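Breakdown of the fold
These are the residues of each chain, in order.
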Amino acid sequence: MRELAGNAGCNRYLCGLMLFVLSCYGQATQLGEYFDSLPAFDKVYFLCETDKGKYISLYGGLNAEKNPASLFYTYGYKNKPEIIYPSSTLHNNFLAFEHQYYSRPFTSYLFISFNNKGYRYTLKDSLENDIKSVSLGVKSIDRGKEHSILCKKIIVDELYEIAERLPCNKKGDGPFVCLGDD
């Protein structure tokens, strides 16, 4: 009887491992359902649908140690990306992105930003009194006018995982810090 119980534990372990592997594979292929013409990637960090039926995503490749090696931003309709940033030829493209973080009791803000063609794009993850929202701000660098696009459905949300790997920008309005600063 004891021997059978030991084998059942092993089977649960193997089943758990199989589920984990399949879920990772499912996440990597999930973005392919939305954008089938993207540069190669291993991990989706963020994917949401807007109220206009467009998708916002952050995704990238992993190195041999399974650490993030590249990062890309995509915006557009399903299988019709309007923006892919940066180009797949940019080496060390982590430097194209930066993060800012702010926290106080019952509130936290994470901003992941980049500049492209005269505009500043900022993915804003906000948590206020247990209410989470994510939006994309697009601001004209010359005119200062900003447009905000709200995510109505968040499909993948691992922004904090990738933000820790990005350069930190402590400049700007407010008491921003880097993730991991204490």
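Residues numbered from 1 in each chain as written. Predicted model: local features only at pLDDT ≥ 70, side-chain atom pairs only at ≥ 80, totals over all residues. Heavy atoms only, no water.

What about the pattern of salt bridges?
In plain terms, the rule: What counts as a salt bridge is simple: a side-chain nitrogen of Lys or Arg found within 4 Å of a carboxyl oxygen of Asp or Glu. Runs of E in the DSSP output that reach at least two residues are strands. Runs of H or I that reach at least four are helices, and both are numbered from the N terminus. Relative accessibility under 20% of the residue-type maximum defines a buried residue, over 50% an exposed one, and the middle range a partly exposed one, all with a 1.4 Å probe and only protein chains included.
Enumeration over the complete set of coordinates arrives at seven salt bridges. Put simply, Lys124 and Glu146 hold a salt bridge, and the shortest N to O gap is 2.8 Å. Highlighted residues: Lys124 in strand E7 (residues 119-128) and Glu146 in strand E9 (residues 146-157), separated in sequence by 22 residues. Of the charged contacts in the structure, one is a salt bridge between Asp157 and Lys132, with a shortest N-O distance of 2.9 Å. Of this pair, Asp157 sits in strand E9 while Lys132 sits in strand E8 (residues 131-140), placing them 25 residues apart in sequence. Classification of Asp157 by relative accessible area gives partly exposed; the value is 32%.

Concerning the nonpolar core
Put simply, the rule is: Note on terminology: a nonpolar core comprises buried Ala, Val, Leu, Ile, Met, Phe, Trp, Tyr and Cys residues joined through side-chain atoms within 4.5 Å.
Counting residues in hydrophobic clusters, the biggest one holds 29 residues, and the most contacted among them are Ile56, Leu58, Tyr73 and Phe97. Among the nonpolar cores identified, the runner-up in size contains seven residues, and Phe41, Val44, Leu47 and Val156 belong to it.

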